[in-house]
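# Structural features, examined
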Amino acid sequence: MSHTAQDVADWMLGELKFAGILHQEKAVAHIIEHFGEQFIYVNEQGNTSIDKEVKKAFKKGHGGKAAWDRDGFFWGWT
């Protein structure tokens, strides 16, 4: 079965709803294991990051109700 960016975003949103917080490190590990490395890349700062299409679908899914914490590398409800 081939996964889509929307599948990954839906999982991320579900995790955020369940736990109230989603750490990028945990999300990246889960995405690689369950969805595949095609949804991960290394950004300009050398950090492992989540594919831009996934983040776009995730942002659409939470409708601005979650925010990225740059210092803690996590998303949380606003």
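Structure shown above.
Here goes a summary of the coordinates provided.

Conventions and cut-offs
- Residues numbered from 1 in each chain as written.
- Predicted model: local features only at pLDDT ≥ 70, side-chain atom pairs only at ≥ 80, totals over all residues.
- Heavy atoms only, no water.
- Helix = DSSP H or I, 4+ residues; strand = E, 2+ residues; numbered from the N terminus.
- Rg over C-alpha atoms; globule rule 2.2 N^0.38 Å.
- Buried < 20%, exposed > 50% of the residue type's maximum accessible area, 1.4 Å probe, protein only.
- Contact = heavy atoms within 4.5 Å.
- Areas by Shrake-Rupley, 256 points an atom, 1.4 Å probe, with all protein chains shown as cover.
- Axes fitted to C-alpha atoms, helices over the stretch in contact; angles between N-to-C directions.
- Parallel < 35°, antiparallel > 145°, perpendicular 65-115°, else oblique.
- Left-handed = near helix turned anticlockwise from the far one by under 90°.
- Nonpolar A, V, L, I, M, F, W, Y, C, P; charged D, E, K, R; others polar.
- Core = buried A, V, L, I, M, F, W, Y, C linked by side-chain atoms within 4.5 Å.
- Salt bridge = Lys/Arg side-chain N within 4 Å of Asp/Glu carboxyl O.
- Arc of directions from axis to C-beta.
- Polar contact = N/O pair within 3.5 Å; in protein donor to acceptor, adjacent residues only side chain to side chain.

Attention now moves to the overall build of the protein. Of regular secondary structure, the protein possesses 3 helices and 5 strands. Along its sequence from the N terminus, the protein presents helices and strands in the succession α-β-α-β-β-α-β-β. Taken over C-alpha atoms, the radius of gyration comes to 12 Å for the protein, in line with the 12 Å a tight globule of 78 residues would show. For the protein, the spread of C-alpha atoms along the three principal axes comes to 30 × 30 × 20 Å. Taken across its 78 residues, the protein has 35% of its residues classed as buried. Of the contacts made within the protein by residues no fewer than 6 positions apart, 48% connect residues no fewer than 24 positions apart. Summing over all exposed atoms, the protein offers an accessible surface of approximately 5200 Å²; the carbon and sulfur share of this is 52%.

Moving on, we come to the packing of helix H1 (residues 5-19) against helix H2 (residues 24-34). Two numbers describe how H1 lies on H2: the axes approach to 11 Å, and their chain directions differ by 140°. Viewed along their axes, H1 and H2 adopt a mutual orientation that is oblique. Every pair of crossing elements has a handedness; the one defined by H1 and H2 is right-handed. From H1, Val-8, Trp-11, Met-12 and Glu-15 reach across to H2, where they touch Lys-26, Ala-27, His-30 and Ile-31. Broken down by class, the residue content of the contact of H1 with H2 amounts to 5 nonpolar, 1 polar and 2 charged.

Generally speaking, nonpolar side chains in soluble globular proteins are found buried as a group. Core analysis: the largest hydrophobic core is formed by 20 residues, its most contacted members being Met-12, Ile-31, Ile-50 and Val-54. Looking at which element gives the most residues to this core, the answer is H1, with 7 residues.

Let's shift gears to the pattern of salt bridges. For the coordinates displayed, the defined rule picks out 2 salt bridges. For Glu-15, the salt bridge identified is with Lys-26, shortest N-O distance 3.4 Å. Placement of the pair is Glu-15 in helix H1 and Lys-26 in helix H2, with a sequence separation of 11 residues. Lys-56 is the salt-bridge partner of Glu-53, the closest N and O atoms lying 3.3 Å from each other. Within this pair, Glu-53 and its partner Lys-56 are both found in helix H3 (residues 52-62), separated by 3 residues, close to a single helical turn. Classification of Glu-53 by relative accessible area gives partly exposed; the value is 46%.

Our focus in this paragraph is H3. Within H3, the full set of buried residues consists of Val-54, Ala-57, Phe-58 and His-62. Buried residues in H3, looked at end-on, bunch into an arc of 130°, giving them a common side. For H3, exposure combined with an orientation more than 90 degrees from the buried face picks out Lys-52, Lys-56, Lys-59 and Lys-60. The inward-facing, buried residues of H3 abut H1, strand E3 (48-50), strand E4 (66-69) and strand E5 (74-77). Its side-chain oxygen 2.9 Å from the backbone nitrogen of Glu-53, Asp-51 forms the N-cap of H3. Phi turns positive, to about 60°, at Gly-63, one or two residues after H3.

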